[in-house]
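Here's the letter readout for the chains.
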Amino acid sequence: MAERVAKGTWVELSCVVLAAGERAPRVPEETQAVPLEMRVKGVLTRDAVMGERAEVRTSAGRTLRGRLERVNPPYAHGFGPPIAELLAVGEELRARIRGR
Amino acid sequence: MSDGDAYAQVMARRGAIVRGSIGLDYEKYATGVLAFDYEGLLTDTGYDLETVRDIQQRTAVGNTPLVELHNLTELVRSISRPGKGARIFVKDEAANPSGSFKDRRASISAHEARRRAFEGIAAATSGNYGAAVASQAAKAGLRCIIVQEAFDSRGIAQPEIAEKTRACEAYGAEVMRLSVGPELFYVFLRVLEDTGFFNASLYTPYSILGIETLGYELAVELKEREGRFPDVVLTTHAGGGNVTGTARGLCKAGAAETTMIGVSVDLSGLHMASDRDFNRKSFTTGHTGFSMPFTSWPDRADVPRNAARALRYLDRFVTVTQGEVFYATQALAELEGMERGPAGNTSLAAAFPMAREMKRDDILVVQETEYTGAGKHPLAQLAMARQLGIRVQRGDPRDSRPGESILIPEHPEQLGVEEIDLDQVRRSYLRHAVAAVPENSSLGRVDIEFLALETRSTVSWVQEVLNETPKTA
């Protein structure tokens, strides 16, 4: 059964702004072939169902509608693993200065 | 979607929407077919340098530390010929409230929006500028909307832009995240129409006047501390605002003889509007994808007349590779104890080879840093590049290819710059100018003089090039 999400929950909505084929003239082929999508976060104005139409009030006070995608979406970006090619740089450069 | 929201219809209303959202009558400044009164457009805003300094002081913007990089200077001298190796300073712009020089740029727009009783402020930007607008809006008690190009059709977000999303939301802004494409501007126009918010475009006079304090501060402080103006200022160059504002500020401080060098990351071969290329770029700003088109024709911006006109101010224009900037970023962290974001270190990478060729007692100033953090970091960018199959290894950066390989230099002697021929850029500008002349119009004396100013050349050179340029350029 589809998950119900309560009014007042912080969520992310998505919608298609321009369908594939309706894109601006002169965009490259691979961009032309995919839709222009938009995602925005806000507080649900009424109970909604995951994957279905929903309405939020955004931080700027606007009311926007779209498909309910994610509940309380995390910030998932990070640093990733150390990069060996950079790890060596500091020691190499310090050795050059010390040697003077 | 109603008919009035269709792409072509909204774009057809762009002039009226932009006019209403900035409140500047650009037409008033036209003096010829192409010519316009650039200085008048800036002066009439009423924001002179002292007023801007006062506003920025009240919002904790500017007066950032000017730091001498003793260890990097020592490193450069270790690979320079006797008597060579200039002193390197950096203006630590990361000390601004939202972590970059973009706070200067946003501060006057936010002030103007508040003065004119707008309810909110909006900007179309995926970069530090979004965080700056959101931060300044928070201080001014304005609502804020940032429209970003943030992810590709597979839903993969560029790590640096993901961090900017977080930062804007942290300052209380609504962030509209879009997939790849130039139609971001269309969405932005709809936001302006829907909200009636002030358009904090990167290219208004307010934006440029806000940056003048950067050039002014560094020149005045250096003069006080060292008794001289900088010989060279290196400026990371994208849309042209950083070069324009900094150079104007230097002039206002009296440092008219300082050489202004714009530096961009070379991303040649990667298309700006390509869904496929989007995440193959390990830099989201300060790169040739912006600086090339904007230097050769600034009026492609989201305002009728771009106040950022870099060709008027550039003495030289050079590029560096992605690998060199990551190397310089690592060097700044490990030799100077300053961990800063990679995009802001673009001009730092060029400082190595440039300072090597300058005299020991010359002074070179790198005019910005930016904050760093998750996503906005060499590790995040290189990890993403590897995931996409881009080769990351040590090697001669000259052998790298944007989107295919990133080569981290093996030693500092490998850092260099590629010189962009400014004469070619000037000729490109003039071809665009000819193409912009409306049918049944022709350029008059005032236009030729304007084009000479725009290209920092002479009336006779402009005429000579125009005579060679076919009308259907």
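Residues numbered from 1 in each chain as written. Chains lettered and ligands numbered in written order. Predicted model: local features only at pLDDT ≥ 70, side-chain atom pairs only at ≥ 80, totals over all residues.

Colleague: What is the right way to read the overall build of chain B from this model?
Modeller: Looking only at helices and strands, one finds 18 helices and 13 strands in chain B. Relative to a compact globule of 473 residues, whose C-alpha radius of gyration would be 23 Å, chain B shows 21 Å and is just as compact. Taken over the C-alpha atoms alone, chain B extends approximately 65 × 50 × 45 Å along its principal axes. When burial is assessed residue by residue, chain B has 59% of its 473 residues classed as buried. Long-range pairs, those at least 24 residues apart, make up 77% of the contacts in chain B with a sequence separation of at least 6. (Helix = DSSP H or I, 4+ residues; strand = E, 2+ residues; numbered from the N terminus. Rg over C-alpha atoms; globule rule 2.2 N^0.38 Å. Buried ≥ 20, exposed ≤ 12 C-beta atoms within 10 Å, placed from the backbone. Contact = placed C-beta atoms within 7 Å.)

Colleague: How do you make sense of the overall build of chain A when you look at a structure like this?
Modeller: A tally of helices and strands in chain A yields 3 helices and 6 strands. For chain A, the succession of helices and strands along the chain, N to C, is β-β-α-β-β-β-β-α-α. For chain A, whose C-alpha radius of gyration is 23 Å, the value lies well above the compact-globule estimate of 13 Å for 100 residues. Each principal axis of the C-alpha atoms in chain A carries an extent, and together these give about 70 × 40 × 30 Å. The buried share among the 100 residues of chain A stands at 30%. When contacts within chain A are restricted to residue pairs at least 6 apart in sequence, those whose partners lie at least 24 apart make up 52%.

Colleague: Would you mind going over the sheet that holds strand E2 (residues 87–91) of chain B with me for this structure?
Modeller: Two orientations exist for strands paired in a sheet by backbone hydrogen bonds: parallel and antiparallel. All names here are of chain B. What the 7 strands build is an open sheet, ordered E1-E2-E10-E7-E8-E9-E13; its pairing is mixed. One side of each edge strand has no neighbouring strand; the edge strands of this open sheet are strand E1 (66–68) and strand E13 (418–419). Sheet topology note: the E1/E2 ladder contains 3 bridges and is antiparallel. Opposite leucine 66, over in E2, you have lysine 91 as the bridge partner. Lying on the sheet, helix H14 (residues 346–357) is in contact with E2, strand E7 (232–236), strand E8 (259–265), strand E9 (316–320) and strand E10 (363–366); it crosses E7 at an angle near 145 degrees. (Pairing = 2+ DSSP bridges. Axes fitted to C-alpha atoms, helices over the stretch in contact; angles between N-to-C directions.)

Colleague: I keep staring at the packing of helix H6 (residues 102–115) of chain B against helix H10 (residues 205–226) of chain B and nothing clicks. Help me out?
Modeller: For any two helices packed against each other, one specifies the inter-axial angle together with the distance between the axes. Residue and element names in this part refer to chain B. Contact geometry for H6 and H10: axes closest at 7 Å, N-to-C directions at 130 degrees. With respect to their mutual orientation, H6 and H10 come out oblique. Seen from above, H6 lies across H10 with right-handed handedness. Judged by residue contacts, Arg104, Arg105, Ser107, Ile108, Ser109 and Glu112 of H6 engage Tyr206, Ser207, Leu209, Gly210, Ile211, Thr213 and Leu214 from H10. Looking at the contact of H6 with H10, its residues break down into 5 nonpolar, 5 polar and 3 charged. (Parallel < 35°, antiparallel > 145°, perpendicular 65-115°, else oblique. Left-handed = near helix turned anticlockwise from the far one by under 90°. Nonpolar A, V, L, I, M, F, W, Y, C, P; charged D, E, K, R; others polar.)

Colleague: Sorry, what's going on with unusual backbone geometry here?
Modeller: With the exception of glycine, the majority of residues adopt a negative phi angle, and the majority of peptide bonds are in the trans configuration. Residue and element names in this part refer to chain B. Notably, asparagine 63 is not glycine yet its phi reads approximately 50 degrees, a positive angle. Following the sequence through the fold, asparagine 63 ends up in the loop between helix H4 (49–58) and E1. Of note, asparagine 440 is a non-glycine position whose phi angle comes to about 65 degrees, a positive value. Its location among the elements puts asparagine 440 in the loop between helix H16 (422–436) and helix H17 (445–454).

Colleague: I would appreciate a short explanation of the interface of chain B and chain A in the present structure.
Modeller: Where interface size is given, it is often the accessible area lost as the parts come together that is meant. With 52 residues of chain B at the interface, the matching set in chain A holds 37 residues. If you list the elements that add at least two residues to the side of chain B that touches chain A, you get helix H5 (70–78), strand E4 (143–151), helix H8 (159–170), strand E5 (174–179), helix H9 (184–195), helix H13 (322–336), helix H15 (378–387) and strand E11 (391–394) of chain B. When residues in the side of chain B that touches chain A are grouped by element, the largest group, 6 residues, is from H13(B). Taken together, the residues that form the side of chain B that touches chain A break down as 27 nonpolar, 14 polar and 11 charged. Bridge count between strand E3 (residues 36–44) of chain A and E5(B): 2 bridges; the pairing is antiparallel. Its bridge partner being in E5(B), A:Arg39 is matched across the sheet by B:Arg177.

Colleague: Before we go on, may I ask you to explain the environment of B:Phe294 in this structure?
Modeller: Residues and elements named next belong to chain B. Position of phenylalanine 294 among the secondary structure elements: in helix H12 (residues 288–296). By C-beta crowding, phenylalanine 294 is classed as buried, having 24 other C-beta atoms within 10 Å. Along the sequence, phenylalanine 294 and alanine 238 sit 56 residues apart, while their C-alpha atoms lie 7.6 Å from each other.

Colleague: Any chance you could explain the nonpolar core here in plain terms?
Modeller: Soluble globular proteins: nonpolar side chains tend toward being buried together. Residue and element names in this part refer to chain B. Counting residues in each nonpolar core, the largest one holds 157 residues, and the members touching the most others are Ile121, Val133 and Leu364. Considering each element in turn, this core owes the most residues, 9 residues, to H10. Built from parts of two domains, this core gets at least three residues from each of domain 1 (55–99 + 206–419) and domain 2 (422–468). Apart from the residues lying within four places of it in its own chain, the contact partners of isoleucine 121 are Ser109, Ala110, Ala113, Val133, Ala137, Leu142, Cys144, Phe197, Phe198 and Ala200. (Core = buried A, V, L, I, M, F, W, Y, C linked by C-beta atoms within 7 Å. Domains from an automatic or database assignment.)

Colleague: Explain the domain arrangement of chain B here, please?
Modeller: Residues and elements named next belong to chain B. For chain B, the domain assignment lists domain 1 (55–99 + 206–419) and domain 2 (422–468). Between domain 1 and domain 2, the contact holds 8 residues from the first and 10 residues from the second. Split into classes, the residues belonging to the side of domain 1 that touches domain 2 amount to 4 nonpolar, 2 polar and 2 charged.

Colleague: Please clarify how the confidence of the model for chain B should be interpreted in this entry.
Modeller: Reading fine detail from the predicted coordinates is not recommended where pLDDT is low. Per-residue pLDDT for chain B averages 96, and the proportion of residues at 70 or more is 99%. The ipTM, which scores confidence in the relative placement of chains, is 0.97 for this predicted complex, and the corresponding pTM is 0.97. (pLDDT = per-residue confidence, 0-100.)

Colleague: Before we go on, may I ask you to explain helix H2 (residues 14–22) of chain B in this structure?
Modeller: Counting along an α-helix, one turn takes 3.6 residues, and residues three or four places apart therefore face a common direction. Residues and elements named next belong to chain B. Among the residues of H2, Val18, Ser21 and Ile22 are the ones counted as buried. For H2, the angular spread of buried residues about the axis comes to 90 degrees, placing them on one side. Along its buried surface, H2 packs onto H9 and strand E6 (198–199). With its phi angle positive at about 75 degrees, glycine 23 sits one or two positions after the end of H2. (Arc of directions from axis to C-beta.)

Colleague: Help me out: how do you make sense of the pairing of strand E6 (residues 63–71) of chain A in this one?
Modeller: Side chains on a regular strand alternate between the two faces of the sheet. All names here are of chain A. Pairing of strand E2 (residues 10–18) with E6, which is carried by 4 bridges, proceeds in the antiparallel orientation. Among the inter-strand pairings, valine 11 is bridged to a residue of E6, identified as valine 71. Bridge count for strand E5 (residues 53–57) against E6 is 5 bridges, and the pairing is antiparallel. Considered in E6, the bridge of arginine 53 is made with arginine 67. Taken together, E5 and the strand that follows it, E6, pair antiparallel across an intervening segment of 5 residues, in which glycine 61 is found at a positive phi of about 85 degrees.

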